[in-house]
Amino acid sequence: GGVMQIEARDIAVSLGGKPVLRGIDLSLRAGEMVGLIGPNGAGKTTLLRVLADLLSADAGSLRYDGLTTRALGRKTLARRIAFLAQGGTVHWQMRAGAVVALGRLPHRRPFADQNAVDQAAIARAMVAADVTGFTERTLDSLSGGERMRVLLARALAVEARMLLADEPLAGLDPLHQLEAMALLRRTAHAGAGVVVVLHDLSLAGRFCDRLVLLDQGRVLADGAPDSVLGDANLARAFGIEV
């Protein structure tokens, strides 16, 4: 129980000998929706993968509710953190309902069937992501935006304390982009933490409680959207005059 926290301290990552993240300090807590923004190559996806414990940092420390990954255990972490990758792992021939059900795997004992709790979580997630109509359809028969909604439902079905999503708006039409952002915000305000990599700064500013602006592997700004999206920050990170 309780509110989940992720504490990242002085995180550094190099990929292929090139520094991608350097000296990142970030505190995340359940109940807020945080947008990760910044130009291409700023390190957003890498940071999200470190926070999800999918990539080990070269330096620095990461704590989940005060515990290291080793102390917490991977099984527990898989129940507490849901990760939605960019483009997602697409199970082309699988039916959408089965894909969403994969979100319940961390909760199930080996070889056990879904129980009523699992089925209820799957149903809630499919309603929330507006994919109930696709239950029997295979992913290859859906559009890119529809597939993204199925993958979002899979992440929601975990009912994790933290949901980390890398560009979950990719391929969605404008209406579903708005719906997805509203859904992520509801998820956060219902008590889970949501960290989402976003390209669209106007949507980021409109829906997120907090924005973290990355530039060249460092945190350039972290705070309320209005302050982070100030002219000076945008000029420095994106090279745009507002």
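What you see is a predicted model; the values in this text were computed from it and never measured.

Novice: Hey, could you go over the pattern of salt bridges for me, with residue numbers and the actual values?
Specialist: Applying the stated rule across the entire model yields 11 salt bridges. The salt bridge involving Asp-65 is made with Arg-161; its shortest N-O contact spans 3.4 Å. A residue pair is termed long-range when its members are at least 10 positions apart, and Asp-65 in the loop between strand S4 (59–64) and helix H2 (69–72) and Arg-161 in the loop between helix H6 (144–157) and strand S6 (162–166) qualify at 96 residues. A salt bridge links Arg-124 to Glu-159; the nearest nitrogen and oxygen atoms lie 2.9 Å apart.

Novice: With reference to specific residues and values, describe the pairing of strand S8 (residues 210–215).
Specialist: Taking burial as the measure, the 6 residues of S8 include 6 buried ones, the bulk of the element. Residue alternation in S8 divides its side chains into two sets, Arg-210, Val-212 and Leu-214 and Leu-211, Leu-213 and Asp-215, and both sets are buried. Note that strand S3 (residues 33–37) and S8 share 4 bridges and pair parallel. When the bridges of S8 are listed, Val-34 appears paired with Arg-210. Pairing between S8 and strand S9 (residues 218–223): 5 bridges, direction antiparallel. Looking at S9, one finds that Leu-211 is bridged to Gly-223.

Novice: I'd like a description of the sheet that holds S4, backed by residues and values.
Specialist: Spatially, S2-S1-S4 is the arrangement adopted by the 3 strands of the open sheet, whose pairing is antiparallel. In this open sheet, the two edge strands, each paired with only one partner strand, are strand S2 (18–29) and S4. The mean angle between the axes of side-by-side strands here comes to 20 degrees, regardless of whether they run parallel or antiparallel. Helix-sheet contacts for helix H1 (residues 44–51) involve strand S1 (5–15), S2 and S4, and the interaxial angle to S2 is about 55 degrees.

Novice: Any details on helix H7 (residues 174–189)? Residues and values, ideally.
Specialist: Under the 1.5 Å per step criterion, the end-to-end length of H7 is 23 Å for 16 residues, consistent within 8% with the ideal 22 Å. Taken residue by residue, H7 has His-176, Ala-180, Met-181, Leu-183, Leu-184, Thr-187 and Ala-188 as its buried positions. Angularly, the buried residues of H7 cover 160 degrees about the axis, an arc narrow enough to put them on a single face. Away from its buried face by more than 90 degrees, H7 exposes Pro-174 and Arg-186. Looking at the buried positions of H7, the neighbouring elements they touch are S3, helix H5 (116–128), H6, S6, strand S7 (193–197) and helix H8 (201–207). Two or three places before Leu-175, at the opening of H7, Asp-173 has a side-chain oxygen 3.1 Å from that residue's backbone nitrogen. Downstream of H7 by one or two residues, Gly-191 has phi in the positive range, about 125 degrees.

The rules behind these values
- Residues numbered from 1 in each chain as written.
- Predicted model: local features only at pLDDT ≥ 70, side-chain atom pairs only at ≥ 80, totals over all residues.
- Heavy atoms only, no water.
- Salt bridge = Lys/Arg side-chain N within 4 Å of Asp/Glu carboxyl O.
- Helix = DSSP H or I, 4+ residues; strand = E, 2+ residues; numbered from the N terminus.
- Buried < 20%, exposed > 50% of the residue type's maximum accessible area, 1.4 Å probe, protein only.
- Pairing = 2+ DSSP bridges.
- Axes fitted to C-alpha atoms, helices over the stretch in contact; angles between N-to-C directions.
- Contact = heavy atoms within 4.5 Å.
- Expected span 1.5 Å × (residues − 1).
- Arc of directions from axis to C-beta.
- Polar contact = N/O pair within 3.5 Å; in protein donor to acceptor, adjacent residues only side chain to side chain.

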